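Secondary and tertiary structure notes
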Amino acid sequence: MSSSDIFIGETIGTAILILLGGGVCAAVTLKASKAKDAGWLAITFGWGFAVLTGAYLAGGVSGAHLNPAVTVGLAIEGGTKWSNVPLYLGSQLLGAIIGAILVWLTYMGQFKAHLTDPAIIAAQPVDEGLVDQKAAPKAGPVLGIFSTGPEIRNYAQNVLTEVIATVVLVLAILTQGLNDNGNGIGVLGALITALVVVGIGLSLGGPTGYAINPVRDLGPRIVHSLLPLPNKGGSDWTYAWVPIVGPLIGGAIAGGIYNIAFK
């Protein structure tokens, strides 16, 4: 595939992924949304459908990595050229930024109503998972729409959680090629990947919010830090490295496991 194929497919596919994934978080979080308080099941299935849509759209163009951890895993496995990795990662980050901006535009009125609500202003949150509340960073009341955060802030555990969840995701993607005598499973692969993401969210998402994708967290976090939102609070940059490092390590481990166990 050409460089333009990679750029177009990964940018558009990742933008749709973040638009729908961030969109379900906004729908569940913001006070003036009809889906307010729909809960964790709505979020996990919303993200699964987001992956399904983005992967289906981009699959025939760029291969629909939509995730640097997947790109790294495929490069280690041998299915992606290392020379194409920077283009994949840059396109994915751009798409994630675009998708997060589209979430803001879609819910612009709800963001304003939520962040100017006196009850929200009075309860400027800290990370309630920390034992020492005085040490909690100032994470804004809508940051969870854009990026992930831990329930218990223990960086070693948080990284390990992201590594384990990402190994499951990337290994499930890599092993799809073992079906049908190595020919893969075509467009059905997008559905299976989406269901794996739902399963990860339900089973492994509780501790950290299951970023399992560096740009899914970094791109929207950048947007949160730049948007002109009133009373938005901080972007919790002290945690931002965890959903980057953890998934990248997990993707690399999954690629290594595939080469050792399945080739």
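For the structure, see preceding data.
In this text, all values refer to a predicted model and were calculated from it rather than measured experimentally.

For the rest of this paragraph, the subject is the packing of aromatic side chains. Counting across every chain of the model gives six aromatic pairs. Summarising the aromatic geometry, the rings of Trp-40 and Tyr-210 are spaced 5.8 Å apart at their centres and angled 70° between planes, so their arrangement reads as edge-to-face. Here Trp-40, found in helix H2 (residues 40-62), pairs with Tyr-210, found in the loop between helix H9 (188-204) and helix H10 (214-226); they are 170 residues apart in sequence, far enough to count as distant. When its relative accessible area of 39% is taken as the criterion, Trp-40 is described as partly exposed. Among the residues examined, Tyr-210 registers a relative accessible area of 6% and is labelled buried. With a centroid separation of 5.8 Å and an interplanar angle of 25°, the aromatic rings of Tyr-258 and Phe-262 are classed as stacked.

Our focus in this paragraph is helix H3 (residues 68-77). In terms of residue burial, H3 counts as a mostly covered element, since nine of its 10 residues are buried. All of the buried residues along H3 are Pro-68, Ala-69, Val-70, Thr-71, Val-72, Gly-73, Leu-74, Ala-75 and Glu-77. Among the structural elements, helix H4 (85-106), helix H8 (155-174), H10 and helix H11 (242-261) are those in contact with the buried residues of H3. By the N-cap criterion, in which a side-chain oxygen at the helix start approaches the backbone nitrogen of a residue two or three places on, H3 is capped by Asn-67, the distance to Ala-69 being 2.8 Å. A positive phi of about 110° marks Gly-78, the residue just after H3.

Our focus in this paragraph is empty space enclosed by the protein. Applying the stated rule across the entire model yields one cavity of 30 Å³ or more. Roughly 40 Å³ of internal volume is contained in the largest cavity. Around the largest cavity sit Ile-18, Gly-22, Trp-47, Ala-100, Val-103, Ile-145, Phe-146, Arg-216 and Pro-220, which together line it. Counting only elements with at least two residues in the lining of the largest cavity, the list comes to helix H1 (3-29), H4, helix H7 (143-146) and H10. When its residues are assigned to classes, the lining of the largest cavity shows seven nonpolar, one polar and one charged.

Here we take up a nonpolar patch on the surface. There is a patch of nonpolar side chains on the surface, built from Phe-7, Ile-8, Ile-12, Val-61, Leu-94, Ile-98, Ile-101, Leu-102, Leu-105 and Met-108 and spanning about 760 Å² of accessible area. Those elements that provide at least two residues to the nonpolar patch are H1 and H4. Here the nonpolar patch gets five residues from one element, more than from any other, and that element is H4. Relative to the helices and strands, Leu-105 is located in helix H4. By relative accessible area, which is 44% here, Leu-105 ends up partly exposed.

Criteria and thresholds
Residues numbered from 1 in each chain as written. Predicted model: local features only at pLDDT ≥ 70, side-chain atom pairs only at ≥ 80, totals over all residues. Heavy atoms only, no water. Phe/Tyr/Trp six-rings, centres within 6.5 Å; stacked < 30°, edge-to-face > 60°. Helix = DSSP H or I, 4+ residues; strand = E, 2+ residues; numbered from the N terminus. Buried < 20%, exposed > 50% of the residue type's maximum accessible area, 1.4 Å probe, protein only. Contact = heavy atoms within 4.5 Å. Polar contact = N/O pair within 3.5 Å; in protein donor to acceptor, adjacent residues only side chain to side chain. 1 Å grid on protein atoms, 1.4 Å probe; cavity = no way out; pocket = protein on both sides within 12 Å on 5 of 7 lines; lining within 4 Å. Points joined across faces, edges and corners; volume = space filled by probe spheres on them. Nonpolar A, V, L, I, M, F, W, Y, C, P; charged D, E, K, R; others polar. Patch = residues over 30% accessible without salt bridge, like charges linked within 9 Å, V, L, I, M, F, W, Y side chains within 5 Å. Areas by Shrake-Rupley, 256 points an atom, 1.4 Å probe, with all protein chains shown as cover. Salt bridge = Lys/Arg side-chain N within 4 Å of Asp/Glu carboxyl O.

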